[in-house]
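Residue-level structural notes
Residues per chain, in single letters:
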Amino acid sequence: METVGDLLKSKGTQVYTIYQEKTVGEAIATLVEHNIGSLVVQDAGHRIAGIMTERDLLRRSYTHGPDFLAMRVREVMTGRDRLIVCLVEDRLEYTLQVMTGNRIRHIPVIQGERLLGMLSIGDVVKALHQAAAAENHYLRDYLTDKYPA
């Protein structure tokens, strides 16, 4: 597995979304129901408007108190202007660097304007670990003469 596209093929392309006019309470219910940490936010035209993460929720709940659950998702989300995305052709190592460098745990995968999937940092680390373990296994077998020459 070398690219984001390869990982999406094995992981799947399920992405949970929410419209920016929904309430924060509705967004939290969706996160809890699906046991996920982020939602891609869409505008009325079904275009990507941003992302809402657990971190966004935590920060805004601290500053807005009891009215927090009635707020609109658009008031809490990370907007499109600050959205970090990856492309299907991006290498996993590069994607991990982008995620760690920007201190993000979820990254939408896009192609043009189309949303293709969502990756968590755990997805990327797991895929890279599995690839390294497989390579290690084959190199060890090669060095111990398990393959006839």
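Refer to the structure printed above.
All values reported here derive from a predicted model rather than from experimental measurement.

**Considering helix α1 (residues 4–11)**
Taken as a whole, α1 has its buried residues at V4, G5, L7 and L8. Projected onto a plane normal to the axis of α1, the buried residues spread over an arc of 160° and lie on a single side. Those residues of α1 that are exposed and angled more than 90 degrees off the buried face are K9 and S10. A positive backbone phi angle near 105° is found at G12, which sits one or two residues after α1.

**A few points about the pairing of strand β2 (residues 38–42)**
Regular strands have side chains that alternate between both faces of the sheet. Counted residue by residue, β2 has five buried out of five residues, so it is predominantly covered. On β2, burial covers both faces: S38, V40 and Q42 on one face and L39 and V41 on the other are all buried. Here strand β1 (residues 17–19) runs beside β2; their pairing, made up of three bridges, is parallel. Paired with T17 across the two strands is V40, which belongs to β2. Read as a crossover between parallel neighbours, the route from β1 over helix α2 (residues 24–34) to β2 is right-handed. The pairing of β2 with strand β3 (residues 48–53) spans five bridges and is classified as antiparallel. Each bridged residue has a counterpart across the sheet, and for L39 the counterpart in β3 is M52.

**Thoughts on the sheet that holds strand β4 (residues 78–79)**
Across the sheet, which stays open at both edges, the four strands sit in the order β1-β2-β3-β4 with mixed pairing between neighbours. Looking at which strands have only one partner, the edges of the open sheet turn out to be β1 and β4. For β3 and β4, the ladder comprises two bridges, and the chain directions are antiparallel. Looking across to β4, one finds that I51 is bridged to T78. The sheet strands contacting α2 are β1, β2 and β3, and the helix crosses β2 at an angle near 135°. The sheet strands contacting helix α3 (residues 54–64) are β3 and β4, and the helix crosses β3 at an angle near 70°.

**So, the environment of C86**
Its place among the elements puts C86 in strand β5 (residues 86–87). Residue classification places C86 among the buried residues on the basis of a relative accessible area of 2%. As a C-alpha pair, C86 and P108 span 22 residues in sequence and 6.4 Å in three-dimensional space.

**Observations regarding the sheet that holds strand β6 (residues 106–111)**
Taken in spatial order, the three strands of this open sheet run β5-β6-β7, and their pairing is mixed. Strand pairing shows two members of the sheet lacking a second neighbour, β5 and β7 (114–120), which therefore form its edges. Pairing of β6 with β7, which is carried by six bridges, proceeds in the antiparallel orientation. Along β7, the bridge assignment pairs Q111 with R114.

About the cut-offs
Residues numbered from 1 in each chain as written. Predicted model: local features only at pLDDT ≥ 70, side-chain atom pairs only at ≥ 80, totals over all residues. Heavy atoms only, no water. Buried < 20%, exposed > 50% of the residue type's maximum accessible area, 1.4 Å probe, protein only. Helix = DSSP H or I, 4+ residues; strand = E, 2+ residues; numbered from the N terminus. Arc of directions from axis to C-beta. Pairing = 2+ DSSP bridges. Right-handed = clockwise from strand over helix to strand, strands pointing away. Contact = heavy atoms within 4.5 Å. Axes fitted to C-alpha atoms, helices over the stretch in contact; angles between N-to-C directions.

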